[in-house]
Number of protein chains: 2
Amino acid sequence: MSDNEKKVPAVVVRRLPRYYRYLGELLNQDIKRISSNALSVKMNVTASQIRQDFNYFGGFGQQGYGYNVEYLYSEIGEILGLNDGDTTVIIGAGNLGRALASHDTFEKRGFKLVGIFDNDPNIIGTSISGIDVMSIDSLEEFLSENRVDIGILTVPKAAVVETAERLVKCGVKGLMNFSYTELNFDKEVAVENVHLSDSLMTLSYKIKTNKN
Amino acid sequence: MSDNEKKVPAVVVRRLPRYYRYLGELLNQDIKRISSNALSVKMNVTASQIRQDFNYFGGFGQQGYGYNVEYLYSEIGEILGLNDGDTTVIIGAGNLGRALASHDTFEKRGFKLVGIFDNDPNIIGTSISGIDVMSIDSLEEFLSENRVDIGILTVPKAAVVETAERLVKCGVKGLMNFSYTELNFDKEVAVENVHLSDSLMTLSYKIKTNKN
């Protein structure tokens, strides 16, 4: 079904997790079929955009009576690689690292947290979500013995570039970066820079616009 | 300069915080002018898209020699409403709430945290980032005495709808929602639902695609 010859635009890729979430909600409500029109209302995207998006992946064979929700959910999950059992480590066991370690949606989506690292002797050895925090000094050893796909970085800004490079050197292929610093690597390393303040700025704009 | 007659598409609004961040970085590097071409490389958006985006707000008078960085930064900040001194409260003083309370980018962007609320007697009265955690029971009283623009919700999923409604009833105009539940209010209430697992799913897709 997937068609890796066609380069999928970033904006389409970014909609895939949203499709996946909405379809999961429909499944929870025991809804078996949905038209692209109904999906478009829920997603706030035009129906024609949805069809265009899906065409990058073969179209999912919509019939006159709509998409099969379960099939679509499972296909999009497959395209997203959620069945690959990607493993993650969290670097930085501060408040944000702790919050992410116990963020149960990560696990529900098929990601397995296998290690948490910090440099604070007071935190090393304590347990978060059933995982003992390891010393950052043992990072390379751990990565040589365990396959880790994604590094989640919640370290202070000053440490983020060095930490990211250590992970990449040991073969980590994806980085989720919460520091304000924008990370950039070669094409083989995927990076998602999460800017929580962007959402707050967007809210500020909407509030201001609503007032006018 | 702003032109509120034209409805700005959501995708353009969502790029404004990114422009603002990039321009801030340029300012930090003491760069005074930038062409739309150079900005487009940094933003990973075409130069023509940048010009189209800016045209929604009057175009910012680009000359042959490019945009004035400081002017553009200040105009976009103004459009985003970052000079309005928006106030925030955090509901839920768990790990994520604590992490957000000490997220210094929020303050740097002009947002002022004025209150933190929780329902756990062991947490109420403790201090986070210099603010005493208040009982959720005193939320309405606090909101009647203090102007609060934005509520940041880090409560458990089961509590999020009720908590959001309490905030909205007291006049809060914007909600940043970290629970998996998608909040929807009338147009007068702006909502940003933050889905951290979307970034992780996007990473998974990129890793999978890089491998092929």
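What counts, and at which threshold
Residues numbered from 1 in each chain as written. Chains lettered and ligands numbered in written order. Predicted model: local features only at pLDDT ≥ 70, side-chain atom pairs only at ≥ 80, totals over all residues. Heavy atoms only, no water. Contact = heavy atoms within 4.5 Å. Buried area = accessible area lost by both parts, 1.4 Å probe. Salt bridge = Lys/Arg side-chain N within 4 Å of Asp/Glu carboxyl O. Polar contact = N/O pair within 3.5 Å; in protein donor to acceptor, adjacent residues only side chain to side chain. Helix = DSSP H or I, 4+ residues; strand = E, 2+ residues; numbered from the N terminus. Nonpolar A, V, L, I, M, F, W, Y, C, P; charged D, E, K, R; others polar. Buried < 20%, exposed > 50% of the residue type's maximum accessible area, 1.4 Å probe, protein only. Least-squares fit on C-alpha atoms with pLDDT ≥ 70 in both. Phe/Tyr/Trp six-rings, centres within 6.5 Å; stacked < 30°, edge-to-face > 60°. Pairing = 2+ DSSP bridges. Axes fitted to C-alpha atoms, helices over the stretch in contact; angles between N-to-C directions. Core = buried A, V, L, I, M, F, W, Y, C linked by side-chain atoms within 4.5 Å. Expected span 1.5 Å × (residues − 1). Left-handed = near helix turned anticlockwise from the far one by under 90°. pLDDT = per-residue confidence, 0-100.

### What about the interface of chain B and chain A?
Okay, step 1: Listed per partner, the contact involves 61 residues of chain B and 61 residues of chain A.
Okay, step 2: Across the chain B to chain A interface the summed buried area is about 5,600 Å²; carbon plus sulfur atoms make up 62%.
Okay, step 3: If you sort the residues of chain B by the area they bury against chain A, L200(B), M201(B) and Y205(B) come out on top, with a joint share of 13%.
Okay, step 4: The interface formed by chain B and chain A includes 8 salt bridges.
Okay, step 5: With a closest N to O distance of 2.7 Å, D198(B) and R21(A) form a salt bridge.
Okay, step 6: The tally of links between chain B and chain A comes to 20 residue pairs in polar contact (both at pLDDT 80 or more).
Okay, step 7: The greatest single-element share of the side of chain B that touches chain A, amounting to 14 residues, is contributed by helix α9 (residues 196-211) of chain B.
Okay, step 8: Along the lines of polarity and charge, the residues of the side of chain B that touches chain A split into 31 nonpolar, 13 polar and 17 charged.

### Looking at the environment of S204(A)
Okay, step 1: Checked against the element boundaries, S204(A) lands in helix α9 (residues 196-211).
Okay, step 2: According to the relative accessible area criterion, S204(A) is buried, its value standing at 1%.
Okay, step 3: If we ignore the near neighbours within four places in the chain, the residues touching S204(A) are L80(B), G81(B), L82(B), D86(B) and F111(B).
Okay, step 4: A polar atom in the side chain of S204(A) sits 3.4 Å from the backbone oxygen of G81(B).

### Quick notes on the relation of the copies chain B and chain A
Okay, step 1: Under the fitted operation, chain B is carried onto chain A by 0.0 Å of movement along the axis and a turn of 180 degrees, and the coordinates agree to an RMSD of 0.0 Å. In symmetry terms, the pair is related by a two-fold rotation axis. No C-alpha of chain B lies nearer the rotation axis than that of N95(B), which sits 2.4 Å from it.
Okay, step 2: Of the residues that chain B buries at the interface, 100% are likewise interface residues in chain A, meaning the two copies contact each other through the same surface.

### Some details on the packing of aromatic side chains
All names here are of chain A.
Okay, step 1: Using the criterion set out here, one finds 8 aromatic pairs over all chains in the structure.
Okay, step 2: Ring centres of F54 and Y67 lie 5.2 Å apart, and the angle between their planes is 80 degrees; on these two criteria the pair is classed as edge-to-face. One end of the pair, F54, is in helix α3 (residues 47-55); the other, Y67, is in strand β2 (residues 67-68), with 13 residues separating them in the sequence.
Okay, step 3: The buried category is assigned to F54, whose relative accessible area is 0%.
Okay, step 4: On the basis of relative accessibility, which here comes to 2%, the residue Y67 falls in the buried class.

### Observations concerning the sheet that holds strand β4 (residues 112-118) of chain B
Remark on secondary structure: sheet strands pair via backbone hydrogen bonds, oriented parallel or antiparallel.
All names here are of chain B.
Okay, step 1: Pairing is mixed across the open sheet formed by 7 strands, whose spatial order is β5-β6-β4-β3-β7-β8-β9. Looking along the sheet, the strands with just one partner apiece sit at the ends: β5 (127-128) and β9 (190-193).
Okay, step 2: Examined bridge by bridge, β4 and strand β6 (residues 131-135) share 3 bridges and lie parallel to one another. Paired with F117 across the strands is M134, a residue of β6.

### Here's the deal with the sheet that holds strand β9 (residues 190-193) of chain A
All names here are of chain A.
Okay, step 1: Taken together, the 7 strands give an open sheet; going across it, the order is β5-β6-β4-β3-β7-β8-β9, and neighbouring strands pair in mixed fashion. Unpaired on one side and paired on the other, β5 (127-128) and β9 mark the two borders of the sheet.
Okay, step 2: Contacts from helix α8 (residues 157-169) reach β3 (87-91), β7 (150-153) and β8 (174-177) within the one sheet, and its direction differs from that of β7 by about 170 degrees.

### What about the nonpolar core?
Okay, step 1: If you look at the biggest cluster of nonpolar residues, it comprises 100 residues, and the most contacted ones within it are I76(A) and I76(B).
Okay, step 2: With near-sequence residues (within four places) excluded, I76(A) lies in contact with L16(A), Y19(A), Y20(A), L23(A), F54(A) and F60(A).

### Some points on helix α4 (residues 69-80) of chain A
All names here are of chain A.
Okay, step 1: With 12 residues, α4 extends 16 Å from end C-alpha to end C-alpha; this agrees with the ideal 16 Å at 1.5 Å per step.
Okay, step 2: Three or more residues of α4 are buried, namely V69, L72, E75, I76, G77, I79 and L80.
Okay, step 3: For α4, the capping residue at the N-terminal end is N68, with a side-chain oxygen 3.1 Å from the backbone nitrogen of E70.
Okay, step 4: After α4 finishes, the residue G81 shows a positive phi value of roughly 80 degrees.

### Observations regarding the packing of helix α1 (residues 10-28) of chain B against helix α4 (residues 69-79) of chain B
Two measures define how a pair of helices packs: the angle their axes make with one another and the distance between the axes.
Residue and element names in this part refer to chain B.
Okay, step 1: Between α1 and α4, the shortest axis-to-axis distance is 9 Å and the interhelical angle comes to 145 degrees. The way α1 lies across α4 gives a crossing that is left-handed. On α4, the residues that touch L16, Y19, Y20, L23, G24, L26 and L27 of α1 are V69, E70, L72, Y73, I76, G77 and I79.
Okay, step 2: Considered class by class, the residues forming the contact of α1 with α4 number 11 nonpolar, 2 polar and 1 charged.

### Some details on the confidence of the model for chain A
Keep in mind that low pLDDT regions are not for reading the predicted coordinates in detail.
Okay, step 1: Considering every residue of chain A, the mean pLDDT works out to 90; 95% of them sit at 70 or more.
Okay, step 2: Both scores are available for the predicted complex, with the pTM at 0.90 and the ipTM at 0.91.

### A closer look at the pairing of β3(A)
Residues and elements named next belong to chain A.
Okay, step 1: A large share of β3 lies buried, amounting to 5 of its 5 residues.
Okay, step 2: Here β3 shows a buried face lined by T87, V89 and I91 and a second buried face lined by T88 and I90.
Okay, step 3: Of the pairings in the sheet, the one linking β3 to strand β4 (residues 112-118) comprises 5 bridges and is parallel in character. By the bridge assignment for β4, T87 is matched with K112.
Okay, step 4: Both β3 and β7 contribute to a ladder of 4 bridges, which runs parallel. Within the sheet, the bridge partner assigned to I91 lies in β7 and is L153.

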